[in-house]
Amino acid sequence: MSWIFLNTHCQEATRTDTKFGICDNEDGTKAYTSNVSPEEWIANVVNASSKSVTFIAVDKCILQDADEPRRGRCDGILLTEEQLYFVELKNQMRNWTTDAIQQLESTILFFKESHDINVFKHKKAFACNKKHKNFQEIDNETNLAFFRKHGIRLDIQAEIIVI
């Protein structure tokens, strides 16, 4: 089955804020963006050039819990004209990176089934954790394998910079 990610009801209005956050209330609702209450943000988005950025909720919107129950999905996608960023949000202390990477990989495969990923010049996957906001080192082998498999760079950090 293929899933439509672009131009759906799961897409928020475009933002041009220089800084905003991505939130997940972890209450069964979808992730969303906000420019207020930074203490609630799991990921910080820095958009110094005020580009038009669109957030699309994946988990609990494009894909519901009953859809593909054995496959993970990330929380959302950030888009500009040239950029495609997959975003997984976590709020836990330990043992979270493997699960986050798996959810990102699964969503990338869902996306590729329905859309041409090569129309985007810059592609990244972000595993963001509120409890670990600073950059965490990724095993070089893991990062290289992820890039070779998907053509997408992997970052484990809670700051997403729109370039």
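Here the structure is shown first, and the text comes after it.
Residues numbered from 1 in each chain as written. Predicted model: local features only at pLDDT ≥ 70, side-chain atom pairs only at ≥ 80, totals over all residues. Heavy atoms only, no water.

Points about the packing of helix H1 (residues 97–114) against helix H2 (residues 140–150)
Two numbers describe a pair of packed helices, the interaxial angle and the distance between the axes.
Then step 1. Their axes nearest at 11 Å, the elements H1 and H2 cross at an angle of 10 degrees. Taken together, the axis directions place H1 and H2 in an arrangement best described as roughly parallel. Judged by residue contacts, Ile101, Glu105, Ile108, Leu109 and Lys112 of H1 engage Thr142, Phe146, Lys149 and His150 from H2.
Then step 2. Here the contact of H1 with H2 is built from residues that sort into four nonpolar, two polar and three charged. (Axes fitted to C-alpha atoms, helices over the stretch in contact; angles between N-to-C directions. Helix = DSSP H or I, 4+ residues; strand = E, 2+ residues; numbered from the N terminus. Parallel < 35°, antiparallel > 145°, perpendicular 65-115°, else oblique. Contact = heavy atoms within 4.5 Å. Nonpolar A, V, L, I, M, F, W, Y, C, P; charged D, E, K, R; others polar.)

Quick word on the sheet that holds strand E2 (residues 32–34)
Then step 1. In spatial order, the strands read E2-E1-E3-E9; together these four strands make up an open sheet with mixed pairing. Looking at strand neighbours, the two that pair on one side only are E2 and strand E9 (159–161), the edges of this open sheet. With strand direction ignored, the average angle separating the axes of adjacent strands in the sheet is 30 degrees.
Then step 2. Sheet analysis places strand E3 (residues 43–46) next to E9, joined by three bridges and oriented parallel. Across the sheet, the residue bridging to Val45 is Ile160, located in E9. (Pairing = 2+ DSSP bridges.)

Quick notes on the side chain of Asn129
Then step 1. Take Asn129: it is sitting in strand E7 (residues 122–129).
Then step 2. Within the structure, the side chain of Asn129 is placed 2.8 Å from the backbone nitrogen of Lys131, a separation counted as a polar contact.
Then step 3. The residues contacting Asn129, other than those within four sequence positions of it, are Ile42, Lys90, Asn91, Gln92, Trp96 and Ala158. (Polar contact = N/O pair within 3.5 Å; in protein donor to acceptor, adjacent residues only side chain to side chain.)

Some thoughts on the sheet that holds strand E6 (residues 83–90)
Strand pairing in a sheet takes place through backbone hydrogen bonds and is either antiparallel or parallel in direction.
Then step 1. Spatially, five strands are ordered E4-E5-E6-E7-E8 in an open sheet, and the strand pairing comes out mixed. Of all the strands in the sheet, the pair left with one neighbour each is strand E4 (54–57) and strand E8 (153–156). Ignoring which end each strand starts from, the neighbouring axes of this sheet average 20 degrees apart.
Then step 2. Pairing of strand E5 (residues 76–79) with E6 involves four bridges; the strand directions are antiparallel. Along E6, the bridge assignment pairs Leu78 with Tyr85.

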